[in-house]
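In case you want the letters, here they are:
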Amino acid sequence: MPDVFADLVGQDEAVDTLRRAAASAAAVLRTAHLPAPAVAAADPEYDELAALADDDPAPVTAGPAGDPGAGMTHAWIFTGPPGSGRSVAARAFAAALQCGHGTGCGTCPGCHTTLTGTHADVRLVAPEGLSIGVGEMRALVLRAASTPSGGRWQVVIIEDADRLTEAAGNALLKAIEEPPPRTVFLLCAPSTHPDDVSVTIRSRCRVVPLRQPSAAAVAEVLVRRDGITPDVARWVAAAAQGHVGRARRLAADPQARGRRDAVLAVPRRLTGVGTALDAASALIGAAEAEAEAAVAETDAAERAALQTALGAGGTGRGAAGATRGSAGQLKDLEKRQKSRATRAQRDALDRALVDLAGFYRDALTSALRAPVAPVHTDTAALAEAGGQKWAPEGALRRLEAVLACRAAIEANVKPRIAVEAMMLSLWRG
Ligand SMILES: [Zn+2]
């Protein structure tokens, strides 16, 4: 039976670190459960372990100066490119911490409930909108300070820690600086660059870098776990550029493949200013439609739930007052939903831009006659023709135009403006 780390594709080093930390965490718990004086005499290792289990959180921290290969600490950052498995790694480690065997066996109730998201002592924050607000963070920090009900650890997983607002970051920092003895914070972020994670938070955490898994490693896991045929697994793994979730989606979802086909048809359509602007509109429109479909169901369910909670249609005494208060709550909900929709749109657009960048990267490597496999095997011939026509310089300029567009949108340039500028650059070369 594969353990909880089996889904971490191509991350041997990180898995090794996490296994050792989990073992060390289990040792801390074992020591804490032993009657102190008798053991102190019998076990020469006791002093060290007792220090680890002490209520003072400081000794638990290996810290930047500690042994980087072993030991347990109370704050971690998982970094890596999107799709490398940051949140998968954080969840697996959380499961190992809650595992009855202390290893992350994958089958005990501790492992199982953590992986299915129902463990009482594991909390997950995933921002729905563009940022994680201070209110959400304060509530989380407060709950994280309680004693673990399962007797092991309180684990807080923060996905997209780069989306913390400054105030939320400060609330988190305070908790990390003075952590309750059994609380573990697991942060996920693209990198430890100060734009992603504040320097002060970074300095309190141990970093687990994840790498972009190779196409071969991604294909292997798709075949083994998802039962995808080797042929399909190979091409989706290459097309997804190391993003496991994206590869799985391409293999399973015809609509996702259709959207990708539409994006990869863009380069040969760019014949003038008019077609470039049309292509920009089409790309934005497709991202909006994809996002709308993704959030529509949740939005409707939330609105219905809120209306029920507010007693919509009530006519009794107090109904007028309730309606006045409910207008504010509905407004809050709409604001949250709008933020989530914007995020979904940006994510959809970014996926399209990554596909497009892959095409121009193929054109560039082909023009350079670099001995590397193409990202998009199905448009490789087209990319090769482009590479010949544009020469390496022209292919590179186009690739850079796509990357500049991603960076501009990340920096809050209006997507339509950024995409139009990119399409014009792709056409002019
Ligand atoms: Zn287990």
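Residues numbered from 1 in each chain as written. Predicted model: local features only at pLDDT ≥ 70, side-chain atom pairs only at ≥ 80, totals over all residues. Heavy atoms only, no water.

### Thoughts on the overall build of the chain
Phase 1: Along the backbone of the chain there are 17 helices and five strands.
Phase 2: Every one of the 429 residues in the chain was classed for burial, and the buried ones make up 42%.
Phase 3: In the chain, 73% of the contacts between residues at least 6 apart in sequence involve partners at least 24 apart.
Phase 4: For the chain, the computed accessible surface area is about 21,400 Å², with 55% contributed by carbon and sulfur atoms. (Helix = DSSP H or I, 4+ residues; strand = E, 2+ residues; numbered from the N terminus. Buried < 20%, exposed > 50% of the residue type's maximum accessible area, 1.4 Å probe, protein only. Contact = heavy atoms within 4.5 Å. Areas by Shrake-Rupley, 256 points an atom, 1.4 Å probe, with all protein chains shown as cover.)

### Notes on the side chain of aspartate 160
Phase 1: Here aspartate 160 lies in the loop between β3 (154-158) and α7 (166-177).
Phase 2: Given a relative accessible area of 15%, aspartate 160 falls into the buried group.

### Details of the sheet that holds strand β2 (residues 122-125)
Phase 1: Taken together, the five strands give an open sheet; going across it, the order is β2-β3-β4-β1-β5, and neighbouring strands pair in parallel fashion. Only two strands of the sheet have a single partner each, and these edge strands are β2 and β5 (206-209). With direction set aside, neighbouring strand axes in the sheet form an average angle of 20 degrees.
Phase 2: The pairing of β3 with strand β4 (residues 183-189) spans five bridges and is parallel. Bridging from a neighbouring strand, valine 156 pairs with phenylalanine 185 of β4.
Phase 3: Across the sheet, helix α4 (residues 86-98) is in contact with β1 (75-79), β2, β3 and β4; its angle to β4 comes to roughly 165 degrees. (Pairing = 2+ DSSP bridges. Axes fitted to C-alpha atoms, helices over the stretch in contact; angles between N-to-C directions.)

### Quick word on the packing of helix α6 (residues 134-144) against α7
Phase 1: At a minimum axis separation of 8 Å, α6 and α7 run at an interaxial angle of 15 degrees. Between α6 and α7, the angle falls in the class roughly parallel. In the crossing of α6 with α7, the sense of the turn from one axis to the other is right-handed. Residues Val134, Met137, Arg138 and Val141 of α6 touch α7, and the partners they reach there are Ala167, Ala168, Ala171, Leu172 and Ala175.
Phase 2: Looking at the contact of α6 with α7, its residues break down into eight nonpolar, no polar and one charged. (Parallel < 35°, antiparallel > 145°, perpendicular 65-115°, else oblique. Left-handed = near helix turned anticlockwise from the far one by under 90°. Nonpolar A, V, L, I, M, F, W, Y, C, P; charged D, E, K, R; others polar.)

### Here we look at the coordination of the zinc ion
Phase 1: Protein ligation of the zinc ion involves Cys99 (SG), Cys105 (SG), Cys108 (SG) and Cys111 (SG), the donor distances falling in the range 2.3 to 2.4 Å.
Phase 2: Coordination at the zinc ion is tetrahedral: its four donor atoms span angles of 104 to 116 degrees at the metal.
Phase 3: We classify cysteine 108 as buried; its relative accessible area is 8%.
Phase 4: Take cysteine 111: its relative accessible area is 0%, and that puts it in the buried class. (Donors = N, O, S within 2.8 Å, 3.2 Å for Na, K, Ca; no water. Tetrahedral: all angles 85-135°; square planar, octahedral: opposite > 155°, others 65-115°.)

As far as function goes, none of this settles anything; it's purely spatial.
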